[in-house]
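# Architecture and fold: a report
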Amino acid sequence: MTERMPVFDREFWEERYGSQPSIWSGRPNPQLVAEATDLSPGRALDAGCGEGSDVLWLAAAGWRVTGVDFSATALARGAEQAKSLGLDERISWVQADLTQWAPEGRFDLVSAQFMHHPEAERTALFERLAAAVAPGGTLLIVGHHPSDLETGAPRPKVPGMFYPAEEIAEILDDGWDRVVTDARPRTATLPDGSEVTIHDAVLVARRRA
């Protein structure tokens, strides 16, 4: 049975983050690590940064990072961790609605991990993020692949929330000299303890210098 599109607004995220001391693992997203490890550090934007695990990893690797998220609670947790690690001078935290917010300036890396909105909002958001990539910079967008709906992984039964990377690549103009689209498998543990193979929809694009 198909469900209605969930409303992931500011109130939803504040309530979710406020419900427990942390909701994510604290580890950086694996596709970010895979794609950014060999990049030369510069300015990075993490759109939808949550509690900041990717922001902290990038800052520790020498990047100057702007982390943007709906939730003041999540951003405060990230800022506290950054201070404890001595990384706070490399990081700017911005509370904003990414469906409305537009980045200022250009970034050498723009990353958006698992941002799932209705198609029209999603397209407009990813277009703004792509426009924020500096010449020679990298755009990395990662989401849950639609095939995950068939695995038993805890996903809303809303096919329109999910997308293959090829769909996102359609927003790009001819100003990119490297575009990779992929459905990358990884193992996930279900609530009952069993393991399944899920797939990340991964777009990696390099803007022409």
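Attention in this report is confined to the structure presented alongside it. (Residues numbered from 1 in each chain as written. Predicted model: local features only at pLDDT ≥ 70, side-chain atom pairs only at ≥ 80, totals over all residues. Heavy atoms only, no water.)

### Details of the sheet that holds strand E2 (residues 64-69)
An order of E3-E2-E1-E4-E5-E7-E6 is seen for the seven strands of this open sheet, with the pairing classed as mixed. In this open sheet, the two strands that pair with only one neighbour each are strand E3 (91-95) and strand E6 (176-189). Averaged over neighbouring strand pairs, the angle between their axes works out to 15 degrees when direction is ignored. Of the strand pairs in this sheet, strand E5 (residues 133-144) and strand E7 (residues 195-207) are connected by seven bridges, and their pairing is antiparallel. Residue pairing for E7: Leu140 is matched across the bridge by Val204. Sitting on the sheet, helix H4 (residues 72-84) touches E2 and E3, and the angle it makes with E3 is about 170 degrees. On top of the sheet, helix H5 (residues 119-131) reaches strand E1 (43-47), strand E4 (107-113), E5, E6 and E7; it is set at about 150 degrees to E5, its chief contact. (Pairing = 2+ DSSP bridges. Helix = DSSP H or I, 4+ residues; strand = E, 2+ residues; numbered from the N terminus. Axes fitted to C-alpha atoms, helices over the stretch in contact; angles between N-to-C directions. Contact = heavy atoms within 4.5 Å.)

### Brief notes about the pairing of E6
Judged from the 13 bridges that link them, E6 and E7 form a sheet pairing that is antiparallel. Residue pairing across strands places Ala188 opposite Val196, the latter belonging to E7. Between E6 and E7, which follow one another and run antiparallel, lie five residues, and Gly193 among them has a positive phi close to 95 degrees.

### Topic: H5
Taking 1.5 Å per residue, 13 residues should reach 18 Å; H5 reaches 18 Å between its end C-alpha atoms and fits that length. Inspection of H5 places Arg122, Leu125, Phe126, Leu129 and Ala130 among the buried residues, and these make up the whole buried set. The arc that holds the buried residues of H5, viewed along the axis, is 135 degrees, so those residues lie on one side. As for H5, its buried residues are in contact with E1, E4, E5, helix H6 (165-169), E6 and E7. (Expected span 1.5 Å × (residues − 1). Buried < 20%, exposed > 50% of the residue type's maximum accessible area, 1.4 Å probe, protein only. Arc of directions from axis to C-beta.)

### A look at the pairing of E2
When you tally the buried positions in E2, you get five out of six residues, the bulk of the element. Two elements, E1 and E2, share five bridges in a ladder whose sense is parallel. By the bridge assignment, Leu45 is partnered in E2 with Thr66. In this fold, E1 hands off to helix H3 (residues 53-60), which returns the chain to E2; that crossover is right-handed. In the sheet, E2 pairs with E3 via five bridges, with the strands oriented parallel. From the neighbouring strand, Thr66 faces E3, where its bridge partner is Ser92. Following the backbone out of E2, through H4 and into the adjacent parallel E3, one traces a crossover that is right-handed. (Right-handed = clockwise from strand over helix to strand, strands pointing away.)

### Here's the deal with the packing of aromatic side chains
Applying the stated rule across the entire model yields one aromatic pair. Ring geometry for Phe126 against Tyr163: centres 6.0 Å apart, planes inclined by 75 degrees, an arrangement best described as edge-to-face. Here Tyr163 lies in the loop between E5 and H6 and Phe126 lies in helix H5, a separation of 37 residues in the sequence. According to the relative accessible area criterion, Phe126 is buried, its value standing at 1%. Overall, the relative accessible area of 1% leaves Tyr163 in the buried class. Here the basic side chain of Arg43 rests over the ring of Phe107, its NZ or CZ set 4.3 Å away from the ring centre. (Phe/Tyr/Trp six-rings, centres within 6.5 Å; stacked < 30°, edge-to-face > 60°. Lys NZ or Arg CZ within 6 Å of the ring centre and 35° of its normal.)

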